[in-house]
Amino acid sequence: MAVPVAFFALFFAYPVTAIVGRGLKAEGDWQFGRIGEVLSRPDILDVLWFTTWQALASTALTLLIALPGAYAFARFDFPGKQVLRAVVTVPFVLPTVVVGTAFLALLGRGGLLDELWGVRLDTTVWAILLAHVFFNYAVVVRTVGGLWSQLDPRQEEAARVLGAGRFAAFRRVTLPALAPAVAAAALMVFLFTFTSFGVVQILGGPAYSTLEVEIYRQTAQLLDLPTAAVLTLVQFAAVGGILAVHAATVRRRERALKLVDPAQTSRRPRGAGQWALLGGVLLTALLLILLPLGVLVERSFDGPGGYGFGYYEALQSVGAGGSSTFLVPPLEAVGNSLRYALVATLIALVIGGLAAAALTRRAGRLVRGFDALLMLPLGGSAVTVGFGFLITLDKPPLDLRTSWILVPLAQALVGVPFVVRTMLPVLRAVDDRLREAAAVLGASPLRAWREVDLPLVRRAVLVAAGFAFAVSLGEFGATVFIARPDNPTLPVAVARLLGRSGELNYGQAMALSTILMLVCAVSLLLLERIRTDRSGEF
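Residues numbered from 1 in each chain as written. Predicted model: local features only at pLDDT ≥ 70, side-chain atom pairs only at ≥ 80, totals over all residues. Heavy atoms only, no water.

Structural notes on the side chain of Arg-75
- If you trace the backbone, Arg-75 turns up in helix α3 (residues 42–75).
- Look at Arg-75 and you get buried, because its relative accessible area is 11%.
- Reaching out from Arg-75, the side chain makes a polar contact with the backbone oxygen of Trp-148 at a distance of 3.1 Å. (Helix = DSSP H or I, 4+ residues; strand = E, 2+ residues; numbered from the N terminus. Buried < 20%, exposed > 50% of the residue type's maximum accessible area, 1.4 Å probe, protein only. Polar contact = N/O pair within 3.5 Å; in protein donor to acceptor, adjacent residues only side chain to side chain.)

Written out as structure tokens, the structure reads:
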């Protein structure tokens, strides 16, 4: 545990504490009265209210739309199922900047709806809610569908033999068994939407701000550190509560269920009702997931002179069309992002692998607290971490403010939880007697790990690396502060282009977003080929 604890203490707790300390200290004394002052301001209360209700609405809408998909993937066997499962998972690993850009191309000014019917939904809450459903659809399908596929259908069939109707059997037998998984999925969706940044920043406009967007505004634009510090504390308190409830639901799920092989529960649809349900799920996937991504790709080729590669060619030059957005050609962001993501993946694998190995020991409350610590970066303020890097890692022995390594370090913080969650179930499944036998035969702990554990968890390591690479590639909240102007990442480059007016900047943003989407999609499809049902869930 020592190395992961030191890593999180130095690159997560220290920057966040420094920001909070600067905001709540005056002349060396803590000014806790500022918390009440900030939280009593009408504009801050509006932000807190919007953050909460849009997260609740996004969660409810996601469950409503995704639960039929979870059932279809769990119970139906149909051609192209594996490919479709990978496709619906693509949005989850896409950078939020790309999600916002895709919906901007669909719902914004000059978008598909605007051209067809003169309807614009950008800068409305509906655009935010739909983008959140798009982003989190796979969370419900994977979490609930993964469990649903392992529930023995004979239990529900027995209830129907005893006289229960179809709905009554589902309500009395299946739903209680699914409740922990549904609760876990709902809590994760609420967590991701409660801390939403890129989607709200692009689609919400100045009218809507979540806590994370407001922290960014108070920090980067207004330089109001006291307000940013208070909002950071509020967000961490909320995230801590959500993670605690999530951990309780996961433990309940692990204790209560006896599962079967998913291959025993999947069959081809039978009857008009089941075929209609499958058709509805496929139509939902088409409209909700494929349509925004397709419009994004189409807009990247739709130049002023007709369809072509004009926007992609413009990415190769500095100041195309009179723009001074970049010091280097925007296309260089592709190479920068790939290099940063590779380094971040290596860091995440080392830190996450050590953490997962420590968590297999089940050493009581200490280890459970350590597990919660590892999850905090998923819901904590990435904006605070990024700005904290700038003001804390600027003096010896850690004078890293001008170093390229800052970006991979920030990205690795987000990748570590995915590595832990992917490797932990597999490591716990390794029989301790195999390690003990190796030790009896004279193997050192390192050799026992190399000869026993590594061959068994190699596939899980590859899956973990795929997830870490994808999420590192799309990290935006912290990177927007620390990426150097001459070395932008893809999400930062897209945000800069969208922040400037002009058709060329907009087209280049679409082109860069398409490139980033394709890289993430290829990573996920490769991951889908090597994943197992046990090691590939999240």
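On we go.
Concerning the pattern of salt bridges
- Per the counting criterion, the structure on display carries 6 salt bridges.
- In this structure, Glu-298 and Arg-299 form a salt bridge, with 2.5 Å as the shortest nitrogen-oxygen distance.
- Given a relative accessible area of 24%, Glu-298 falls into the partly exposed group.
- Taking relative accessible area as the criterion, Arg-299 reaches 8% and is therefore assigned buried.
- Within this structure, Glu-115, Glu-298 and Arg-299 form a network of salt bridges that share partners. (Salt bridge = Lys/Arg side-chain N within 4 Å of Asp/Glu carboxyl O.)

What to know about the packing of aromatic side chains
- Evaluation of the coordinates by the stated rule reveals 21 aromatic pairs.
- A ring pair is formed by Phe-7 and Phe-11, whose centres lie 5.3 Å apart and whose planes are at 55°; its orientation type is tilted. Of the two residues, Phe-7 and Phe-11 are both situated in helix α1 (residues 2–24); the distance of 4 residues between them amounts to about one turn of the helix. For the pair Phe-7 and Phe-11, a shared accessibility class is recorded, and that class is buried.
- Ring geometry for Phe-197 and Phe-476: centres 5.5 Å apart, planes at 25°, overall stacked. Highlighted residues: Phe-197 in the loop between α9 (166–194) and α10 (198–203) and Phe-476 in the loop between α20 (445–474) and α21 (479–482), separated in sequence by 279 residues.
- Residue Phe-197 is classed as buried on the basis of its relative accessible area of 7%. (Phe/Tyr/Trp six-rings, centres within 6.5 Å; stacked < 30°, edge-to-face > 60°.)

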